[in-house]
Structures are given as C-alpha cells and as structure tokens.
Amino acid sequence: MGKVVAGNWKMHHGPVAAAAFFSRFKPRFAPDSVEILFFPPDLSLAASMETAAVPAGFGVQNIHSAKEGAFTGETSAEMARGAGARFALIGHSERRHVFGEGDAEVSAKAGAAVRAGLIPVVCVGELLGERRAGHLEQVLRRQVGAIVEAVAAASRFMVAYEPVWAIGTGETATPGDAAEAHAIVRSALGELASAPILYGGSVKPGNARSLMSAPDVDGVLVGGASLDPDVFGRIVEAGAAAESVNPVREP
Ligand code: PEP
C-alpha cells in the first residue's frame, strides 16, 4: 500500500455540505497508490459514506472511553463502529489543548477504540515552547509511551505526528523536521514500529509531495486543506507521486 492521505474536517461540513464535497471529489490516482481516509463530523458520517464515489476509509474525530453512560454529548467507540466508522482519531491536538485531554485519557480512548474494532490514529506533537526548550524527543517519547500498551493488541493502528505550532497556522515543519520527529516516534514505538506515521500541520498541495517523500513519512493528516475537494484531490495526487522511504516498513 502507498501513502495514507487523511482529511480531518473538524467541525465543518454538515451532511448537505459533505454530499456536495463528494459530488466534486474526483482525484486522479492509480488504484492502490494511496489510501484515502476521511474524518467528518459524526453527524456527516452517513452522508459521507453514502455519497463518496472513490474508495476511502471513514472514521470519527473523537470517542469517549466508556461503552455507554451518562456522558451527555459524547459518542462511544462501539456506537461509532455501529454507525460504520472504521477509524478513530485519538488525542488530536485540539482534544489535548482545547478540551484538556491528558495522556491517561488518550490512552484510555485508544484502548476503547481497539476493543470496539476501530483502527486508532493516535495524534502526538509538541507545543512551540516545548520545541524551543529542546524537549521534542522527551514529549514524543512520553506521548507515544502512554499509548503503546493500549494499542498493542490492535490489528492495525497509525500515529499522526502533528507539531501543535504548525496546526492551522500556515507554519509547516520542513521535510527534515518531519523526518527527525518521525524517527523518534518510530523508535519510541518499539515492537510496533511498523505502524504508518502520518505528518500533519498546514499540509497543502504545494508541500505535500516533499513532506511525503521524507524518510519515515508514510502519509499526511490534513485539516484546512481537506475541506475543498479540488485542493484535497491535489494532495491525494501528491501522495500517489511521492517516494517511499521507510526503513522499517520497506526495507
Ligand atoms: C489537523 O487538524 O490535524 C491539521 C493538521 O490541521 P491543518 O492542516 O489545518 O493545519
């Protein structure tokens, strides 16, 4: 399988807008050269799956760690799976830094996703201050270390490295920055090191190919630029054209 190109729509595109997106989403790429994933809002999941004309995987942006209960406004992993989701974003930086999720909660959610048969895409990444203080490796090892046990039994899982200072800011890590961080994540994964590691943070058609050609970068997680079908289609095409350099997965 080639690169993974995933779109995180955040709180954008209700069911009508989702259907309109898919009526225009027609990237040209060789079959099997890219795995496309979408993370629409929960309420747009059904409309997205019904209207997508290209092969794609669908997931939710967040789950609760409990199976059910008095948790107003929350969705469990089992419910997401029952609604047709196959993937779940876990620990996205907005969940960590806007909604205050810590490593223990992220780990509990990753475990809940695995038990429900969802494929977790666990997001990690450092704040600007942590990077400037020289704590990149320490932060990534802590965040990855917190989830390895929870995902050890997963048939499949992915990590998304998303430096918080590059999300929605227009600031992008260089391919060299991404490769350095991905190598740390891969090392921290230990026996799970063959998992795909995606880069996220202001990915655009103009930088997608060079980022995806960097060593250890197995794909991208795209926020803002995934909302427009033509723009996201060009990122998918960049994924199909990118070179694969992954010392563990493709020796
Ligand atoms: C994201 O939401 O995961 C993300 C990387 O956002 P953006 O591409 O807009 O920086």
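These remarks concern the structure in this document. (Residues numbered from 1 in each chain as written. Predicted model: local features only at pLDDT ≥ 70, side-chain atom pairs only at ≥ 80, totals over all residues. Heavy atoms only, no water.)

1. Side note on the overall build of the protein chain
Thought 1: In terms of regular secondary structure, the protein chain is built from 11 helices and 8 strands.
Thought 2: The C-alpha radius of gyration computed for the protein chain amounts to 17 Å, which stays within 12% of the reference 18 Å derived for 251 residues, consistent with globular compactness.
Thought 3: Counting only C-alpha atoms, the protein chain reaches 45 × 45 × 35 Å along its principal axes.
Thought 4: Residue burial in the protein chain is summarised as follows: out of 251 residues, 53% are buried. (Helix = DSSP H or I, 4+ residues; strand = E, 2+ residues; numbered from the N terminus. Rg over C-alpha atoms; globule rule 2.2 N^0.38 Å. Buried < 20%, exposed > 50% of the residue type's maximum accessible area, 1.4 Å probe, protein only.)

2. Things to note about the site of the ligand
Thought 1: Taken together, 14 residues sit near the ligand, with Lys10, Glu162, Gly168, Ser202 and Gly223 positioned nearest.
Thought 2: For the ligand, an oxygen atom lies 2.7 Å from a polar atom in the side chain of Glu162.
Thought 3: Between the ligand and Ser202 there is a distance of 2.8 Å, counted from an oxygen atom to a backbone nitrogen or oxygen.
Thought 4: Relative to its unbound accessible area of 290 Å², the ligand is 96% covered by the protein chains. (Near = heavy atom within 4 Å. Polar contact = N/O pair within 3.5 Å; in protein donor to acceptor, adjacent residues only side chain to side chain. Areas by Shrake-Rupley, 256 points an atom, 1.4 Å probe, with all protein chains shown as cover.)

3. What about the packing of helix H7 (residues 136-145) against helix H9 (residues 175-189)?
The relative placement of two packed helices is expressed as an angle between their axes plus a distance between the axes.
Thought 1: Relative orientation of the contacting elements H7 and H9 amounts to 40°, with a least axis distance of 9 Å. As far as their axial angle goes, H9 and H7 are oblique. Along this stretch, H7 crosses H9, giving a crossing that reads as right-handed. Each of Leu136, Glu137, Leu140, Arg141 and Val144 in H7 lies in contact with H9, whose residues at this interface are Glu180, Ala181, Ile184, Val185, Ser187, Ala188 and Leu189. (Axes fitted to C-alpha atoms, helices over the stretch in contact; angles between N-to-C directions. Parallel < 35°, antiparallel > 145°, perpendicular 65-115°, else oblique. Left-handed = near helix turned anticlockwise from the far one by under 90°. Contact = heavy atoms within 4.5 Å.)

4. Focus: the side chain of Ser48
Thought 1: Here Ser48 shows up in helix H2 (residues 45-51).
Thought 2: When residues no more than four places from it in sequence are discounted, the contact partners of Ser48 are Trp9, Ala18, Phe22, Pro40 and Phe58.

5. A look at the packing of aromatic side chains
Thought 1: In the structure shown here, the tally under the stated rule is 14 aromatic pairs.
Thought 2: Aromatic pair Phe22 and Phe38: ring centres 4.9 Å apart, planes at 80°, arrangement edge-to-face. Taken together, the residues Phe22 in helix H1 (residues 15-24) and Phe38 in strand E2 (residues 34-39) connect sequence positions 16 residues apart. Phe38 matches Phe22 in its accessibility class, with the two residues each being buried.
Thought 3: Three or more aromatic residues joined by ring pairs make a cluster, and in this case those are Trp9, Phe21, Phe22, Phe25, Phe38, Phe58 and Phe232. (Phe/Tyr/Trp six-rings, centres within 6.5 Å; stacked < 30°, edge-to-face > 60°.)

6. Observations concerning the pattern of salt bridges
Thought 1: Under the definition given, this model contains 12 salt bridges.
Thought 2: We note a salt bridge from Glu101 to Lys109, for which the minimum N-O separation is 2.6 Å.
Thought 3: Take Lys109: its relative accessible area is 2%, and that puts it in the buried class.
Thought 4: As a salt-bridge pair, Glu126 and Arg131 come within 2.7 Å of each other at their nearest N and O atoms.
Thought 5: Since its relative accessible area comes to 22%, Arg131 is described here as partly exposed.
Thought 6: Here the salt bridges do not stand alone but share partners, grouping Arg95, Glu101, Glu105 and Lys109 into one network. (Salt bridge = Lys/Arg side-chain N within 4 Å of Asp/Glu carboxyl O.)

7. Observations regarding unusual backbone geometry
Thought 1: Unlike most non-glycine residues, His13 shows phi in positive territory, near 70°.
Thought 2: One can find His13 in the loop between strand E1 (3-8) and H1.
Thought 3: Of the residues examined, His13 reaches a relative accessible area of 21% and is grouped as partly exposed.
Thought 4: Of note, Ser202 is a non-glycine position whose phi angle comes to about 55°, a positive value.
Thought 5: Topologically, Ser202 is positioned in the loop between strand E7 (197-200) and helix H10 (205-212).
Thought 6: Residue classification places Ser202 among the buried residues on the basis of a relative accessible area of 11%.

8. Brief notes about the sheet that holds E2
Thought 1: Around the barrel, which closes on itself, the 8 strands sit in the order E1-E2-E3-E4-E5-E6-E7-E8 with parallel pairing between neighbours. On average, each strand axis in the sheet is inclined to that of its neighbour by 25°, with strand direction left out of account.
Thought 2: Bridge count between strand E5 (residues 119-124) and strand E6 (residues 158-161): 4 bridges; the pairing is parallel. Across the sheet, Val121 pairs through a bridge with Met158, a residue of E6. (Pairing = 2+ DSSP bridges.)

9. Some details on H10
Thought 1: Three or more residues of H10 are buried, namely Asn207, Ala208, Leu211 and Met212. Projected onto a plane normal to the axis of H10, the buried residues spread over an arc of 125° and lie on a single side.
Thought 2: Those residues of H10 hidden inside the fold are in contact with E1, H9, E7, strand E8 (219-222) and helix H11 (229-241). (Arc of directions from axis to C-beta.)

Shape is all these values report; function is a separate question.
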